[in-house]
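Architecture at a glance
Here is what each chain is made of, one letter per residue.
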Amino acid sequence: MSANPFDGYSNDKEKQDEGTLNNDESILLSTKELLSKATPSLEFCKVSVEETVDRLNTSSNTGLASAEEASHRRKEYGPNEISVEDDESLWKKFLSNFIEDRLILLLIGSALVSAIMGNLDDAVSITLAIIIVVSVGFVQEYRSEKSLEALNKLVPAECHLIRGSQEAHVLASVLVPGDLVCFRIGDRIPADLRITEAFDLSIDESNLTGENEPVHKVTSAINKETFSYNTTGIIPLSDRTNIAYMGTLVKEGHGKGIVVGTSTNTSFGAVFEMMSSIEKPKTPLQLAMDKLGKDLSLFSFIVIGFICLIGIIQGRSWLEMFQISVSLAVAAIPEGLPIIVTVTLALGVLRMAKRKAIVRRLPSVETLGSVNVICSDKTGTLTSNHMTVCKIWCLGSMTNKFNVLDLQKTKGVNFKNYLTDDVRATLNVSNICNNASFSVEHSKYLGNPTDVALLEQLSKFGLEDNRPNVKKVHEIPFNSKRKFMATEVFEQDGTHVLYVKGAFEKILSYSNTFLNEKGKTEKLTEAQKANITECADSLASEGLRTLAFAKLQLKGTEPVAKLTEDMVTDLTFTGLIGMSDPPRPTVKPAMEQLLQGGVHIIMITGDSESTAVNIARQIGIPVIDPKLSVLNGEKLDEMSDEQLANVIDHVSVFARATPEHKLNIVRALRQRGEVVAMTGDGVNDAPALKLADIGVSMGKMGTDVAKEASDMVLTDDDFSTILTAIEEGKGIFNNIQNFLTFQLSTSIAALSLVALSTLFKLPNPLNAMQILWINILMDGPPAQSLGVEPVDHEVMKKPPRRRTDKILTKQVLRRLLGTAACIIIGTIYVFVKEMAEDGKVTPRDTTMTFTCFVFFDMFNALACRHSTKSIFEVGFLTNKMFNAAVGLSLLGQMCAIYIPFFQSVFKTERLSLGDLLFLLVISSSVFIIDELRKYRDKKNAQNDPSYYSIV
Ligand SMILES: Nc1ncnc2c1ncn2[C@@H]1O[C@H](COP(=O)(O)OP(=O)(O)OP(=O)(O)O)[C@@H](O)[C@H]1O
Ligand SMILES: [Ca+2]
């Protein structure tokens, strides 16, 4: 659906098996050539960092010198955006509609035949009708295109830029060659970069190369000789290991790079241009509508063929039969159906965007109404991921869990007095083992929120950022699987130290000594370890995220050759820090509503059990018995998939979960046939977001990786927006059912009317032009306006729709057949009555029949605004577009019977006021009968609490 340059195609989405095309392989094959195009990354991967800096006249520390320089370059290279121009002109598109539709061609043919036979009147009217039919279709198609285009602009890409030694968070479109960009785990690369700094960096390039394994990236230049075997002399993309490509995702570590190529000068730009020419696969609903359309066409063709045959056997005029048949075909075949569905979906999605939920893949709209399990991660989704350090605890100076340094309660206290050696050391580890950085522009720290919180509290103790005074040589970056981070540095005096911070169980299991309040290292006894664990648990059960800090004196004056995880052992524990991250205020009420609607909610978090349970209770996720309702990562590891599937019903909190656990949980749920929504913000959520039926990510604070993997982005980061989205999703579905009821009943009525009159040897009650006009009502504005009916909030009371439920349910079919029957009987009655008066068919008779049908249709549309509620409950004024569409249609009908020119086109006559009133009374029957049905259903369902809509 998207033409967003930063929205790559996913190539491993399991949910694509639902009938949508997965033609990635062919895309990749055909893009191979494009990718070997010589982009700047090819030139720069062969040269050193220094030379890159030189050639682009920039700096690998401070970036481009000034904003003037940048704007100068921007003039030369243009903005870093990829847009696809549609070069076909509107006129061409409009004209092509006349030739592409075979039925329209037939109509044109019949107009020509009429003209040749000297029947100029007919020829003119048919031509006019054709122009109107095509124009209405064209306007709708154009609207659908425009609204789809608007969808693509909803999620702009951002990046972390250093320019003139100032750091800032900016839109990716401002980048120019020479700019210095920082990126870390979870980010999307904003342009083609020559990497200048890399810490354990690996990047997922699958959307460019199709290779699923992330590529390890380095800073050193590529040696030309190594690739001499390649006849073209072009180094393959996957071998340019010092280049970070635009649109790829950082899977591990962090680094910096200099922009070498922007917009179309990147490899992604080349692929994108090609990709945008490929049509997006249709959604299951659209496919179902296409199929329905085809089935109906076949059916109508058979009926029309039959009518035509009988008519000719009866000796009616060839030309008249031909015209009637073709117009009937135009009318009865709901060619407008798929397009109305698309417009309804697209408009619905735009409406959702206004309510802060951006749908990235159209099919999710259909799934929203069926969600019955929501898995949510905690940090950043249920909480705001804005951490504040609350408590510090060190073994030496505080000894037990009742004695904790509380940074919040003791206001007005001078914390400098509490700087015992172990507290100081803990703060120092939290400072050095940290990747957040200060942005002057935003006057705050940017980076991982945990890291940011740790730096923010230093000033309370009168401490400054000590990182400029040490030399960092290696790092093991934090990730959710590892759950710790380690930094190897040389202090100013040359001491060689490893600083470590992370989940307290981890750090504690790697420690065998601790630092006491005097700064002496002591052996850590089992009892003391138990004491630390108890204290960490006590902090966590207050809902605090609890980290442990430790260090290790390293030997030697040279950096270790390679810093690996197994070197993180025999650590000296320094202390614990607890940070608060309170739940978002809107989460609790949203949870209540979801639970009421029968949705099962599961929290899956990387945080500890106690923290998770505390937060779960705060937001109203039921944790009745922690033994049954809470599972942690270790226990999960011991379980088979089957065991997991068996217990999952009772579990509401999963703690210490790794990304794989999150994935397994979602998989287990889906295997049980549940429709799962997963919400998340972090890199650790991405795989599960992808697998879930609907992945929902946070737009403001969420990582690019999570957004990329998700189907829907919440731009306000507010969990309760999911409710809105589900509501809209259900509403859209109802609207589609409603206009289907309207369209199909009209279509069946028109078809049957002509068929019956032919069968009973009556003259045709409607002529070709009249049928075409009815077609415009049926396929055009009135039908479309039913698609924008505002959502009824009560839709949330309805239980989730089953995945397998059809759109045309028995109830819908029964309803539309009933309506059609009513219209047919009413119209035939009027026709026969008029005809009986003088014994032959006069223009007055057809005018009465024609107007009767149109009035019927308008009342039918009114009845179709809601499937179960009376229009008096829904309100006559709640859908403005509907009133406008119906008003216009009626005005059109009046023109058709009162204005001489149109009278000659439609072969009509003026009717008296009495006639109109008579027709209104007859045609309102369809509306009254439907109101009675609604009343009866409501009465019958009075005792059913979930009753909202039986359709
Ligand atoms: N920057 C960091 N450095 C070191 N350790 C960290 C860092 N951030 C988090 N941790 C530790 O790792 C644990 C797991 O973090 P992880 O990112 O997997 O999940 P989370 O963010 O706590 O929760 P959720 O999955 O709900 O978003 C945290 O509870 C914390 O103890
Ligand atoms: Ca998270």
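Residues numbered from 1 in each chain as written. Chains lettered and ligands numbered in written order. Predicted model: local features only at pLDDT ≥ 70, side-chain atom pairs only at ≥ 80, totals over all residues. Heavy atoms only, no water.

Section: helix H36 (residues 913-940)
- Between its first and last C-alpha atoms H36 spans 40 Å; for 28 residues at 1.5 Å apiece the expected length is 40 Å, and the two agree.
- Along H36, the sharpest change in direction is near 35° and occurs at Ser925. (Helix = DSSP H or I, 4+ residues; strand = E, 2+ residues; numbered from the N terminus. Expected span 1.5 Å × (residues − 1). Bend = angle between axes of the 7 residues up to and from the residue.)

So, the domain arrangement of the chain
- Segmentation of the chain into domains returns domain 1 (14-86 + 157-275), domain 2 (303-356 + 724-940), domain 3 (368-384 + 584-717) and domain 4 (391-578).
- Relative to domain 3, the C-alpha centre of domain 2 lies at a distance of 45 Å.
- Each partner contributes residues to the interface: domain 2 has 10 residues there, and domain 3 has 17 residues.
- Between domain 2 and domain 3 the total buried area reaches about 1,100 Å² when both faces are included, carbon and sulfur atoms providing 58% of it.
- Taken together, domain 2 and domain 3 are joined by one residue pair in polar contact (both at pLDDT 80 or more).
- Broken down by element, the side of domain 2 that touches domain 3 gets its largest block of residues, four residues, from helix H28 (residues 721-759).
- Grouping the amino acids of the side of domain 2 that touches domain 3 by side-chain chemistry returns five nonpolar, one polar and four charged. (Domains from an automatic or database assignment. Contact = heavy atoms within 4.5 Å. Buried area = accessible area lost by both parts, 1.4 Å probe. Polar contact = N/O pair within 3.5 Å; in protein donor to acceptor, adjacent residues only side chain to side chain. Nonpolar A, V, L, I, M, F, W, Y, C, P; charged D, E, K, R; others polar.)

Section: the site of ligand 1
- Around ligand 1 sit 21 residues, and of these Asp377, Lys378, Arg545, Thr605 and Lys662 come closest.
- Contact between ligand 1 and Asp451: a nitrogen atom at 3.3 Å from a side-chain N or O atom of the residue.
- Taking Lys483, its side chain carries an N or O atom lying 3.4 Å from an oxygen atom of ligand 1.
- Elements that contribute at least two residues to the shell around ligand 1 include exactly helix H14 (378-382), helix H17 (449-456), strand E16 (496-503) and strand E19 (545-553).
- Residues belonging to the shell around ligand 1 are distributed by class as follows: three nonpolar, nine polar and nine charged. (Near = heavy atom within 4 Å.)

Remarks on the pairing of strand E9 (residues 373-376)
- Of the two faces of E9, the one carrying Val373 and Cys375 and the one carrying Ile374 and Ser376 are both buried.
- Summarising the sheet, E9 and strand E21 (residues 600-604) pair through four bridges and their orientation is parallel. For Cys375, the partnering residue across the bridge sits in E21 and is Ile602. (Buried < 20%, exposed > 50% of the residue type's maximum accessible area, 1.4 Å probe, protein only. Pairing = 2+ DSSP bridges.)

Here's the deal with the nonpolar core
- Membership of the largest hydrophobic core comes to 130 residues, with the highest contact counts inside it found for Met603, Met712 and Phe719.
- Here this core gets 17 residues from one element, more than from any other, and that element is H28.
- Composition of this core by domain shows at least three residues from each of domain 2 (303-356 + 724-940) and domain 3 (368-384 + 584-717).
- Of all hydrophobic cores here, the second largest spans 59 residues; its members include Val389, Val470, Leu524 and Leu563. (Core = buried A, V, L, I, M, F, W, Y, C linked by side-chain atoms within 4.5 Å.)

Thoughts on the packing of helix H11 (residues 318-332) against H28
- Two elements in contact, H11 and H28, have axes separated by 9 Å at closest approach and are oriented at 160°. Judged by the inter-axis angle, H11 sits roughly antiparallel to H28. Like other packed secondary-structure pairs, H11 and H28 cross with a definite hand, here left-handed. For the pair H11 and H28, contact is made by Ile324, Leu328 and Ala332 and by Ser747, Ala750, Leu751 and Val754, respectively.
- Residues that form the contact of H11 with H28 fall into these classes: six nonpolar, one polar and no charged. (Axes fitted to C-alpha atoms, helices over the stretch in contact; angles between N-to-C directions. Parallel < 35°, antiparallel > 145°, perpendicular 65-115°, else oblique. Left-handed = near helix turned anticlockwise from the far one by under 90°.)

Focus: unusual backbone geometry
- Phi is positive for Ser165, which is not a glycine, with a value near 60°.
- Inspection of the secondary structure assignment puts Ser165 in the loop between strand E1 (158-163) and strand E2 (166-171).
- Here the phi dihedral of Lys483 falls at roughly 65°; this positive angle occurs in a residue that is not glycine.
- Relative to the helices and strands, Lys483 is located in the loop between strand E14 (471-476) and strand E15 (484-490).

Digging into the coordination of the calcium ion (ligand 2)
- The protein atoms donating to the calcium ion (ligand 2) are Asp377 (OD), Thr379 (O) and Asp681 (OD), with metal-donor distances spanning 2.1 to 2.4 Å.
- Considered as a linear motif, the donors of the calcium ion (ligand 2) on their single chain read D-x1-T-x301-D. Taken as a pair, Asp377 and Thr379 share a single burial class, namely buried. (Donors = N, O, S within 2.8 Å, 3.2 Å for Na, K, Ca; no water.)

Comments concerning the packing of H28 against helix H31 (residues 810-838)
- Look at H28 against H31: their axes get within 8 Å of each other, and the N-to-C directions meet at 40°. With respect to their mutual orientation, H28 and H31 come out oblique. Viewed along their axes, H28 and H31 form a crossing whose handedness is right-handed. Contacts between H28 and H31 pair Gln737, Asn738, Thr741, Leu744, Ser745, Ile748, Ala749, Ser752, Leu753 and Leu756 from the former with Val812, Arg815, Leu816, Leu817, Thr819, Ala820, Ile823, Ile824, Thr827 and Ile828 from the latter.
- Within the contact of H28 with H31, the residues separate by chemical class into 12 nonpolar, seven polar and one charged.

Brief notes about the packing of aromatic side chains
- Applying the stated criterion to the full structure yields nine aromatic pairs.
- When the ring of Phe438 is compared with that of Tyr445, the centres are 5.1 Å apart and the planes differ by 75°; the resulting orientation is edge-to-face.
- The class of Phe438 is partly exposed, set by a relative accessible area of 42%.
- Ring geometry for Phe901 against Phe902: centres 5.2 Å apart, planes inclined by 70°, an arrangement best described as edge-to-face.
- Since its relative accessible area comes to 46%, Phe901 is described here as partly exposed.
- Here a set of aromatic residues connected by ring pairs shows up, and it is made of Phe415, Tyr418 and Phe461.
- The aromatic ring of Phe504 is capped on one face by Arg656, whose charged end is 5.7 Å from the ring centroid.
- Above the ring of Phe918, the side-chain terminus of Lys833 is found at 4.6 Å from the ring centroid. (Phe/Tyr/Trp six-rings, centres within 6.5 Å; stacked < 30°, edge-to-face > 60°. Lys NZ or Arg CZ within 6 Å of the ring centre and 35° of its normal.)

What to know about the pairing of strand E10 (residues 388-393)
- Taken across its six residues, E10 has five buried, putting it largely inside the fold.
- Pairing of E10 with strand E20 (residues 571-580) involves five bridges; the strand directions are antiparallel. When the sheet's bridge partners are listed, Val389 is paired in E20 with Met579.

Description of the pattern of salt bridges
- Enumeration according to the criterion identifies 40 salt bridges in this entry.
- A salt bridge links Lys501 to Asp451; the shortest N-O distance between them is 2.8 Å. Residue Lys501 is located in strand E16, and its partner Asp451 is located in helix H17; the two are separated by 50 residues in the primary sequence.
- Each of Arg815, Asp930, Arg933, Lys934, Arg936 and Asp937 takes part in a single network of salt bridges with overlapping partners. (Salt bridge = Lys/Arg side-chain N within 4 Å of Asp/Glu carboxyl O.)

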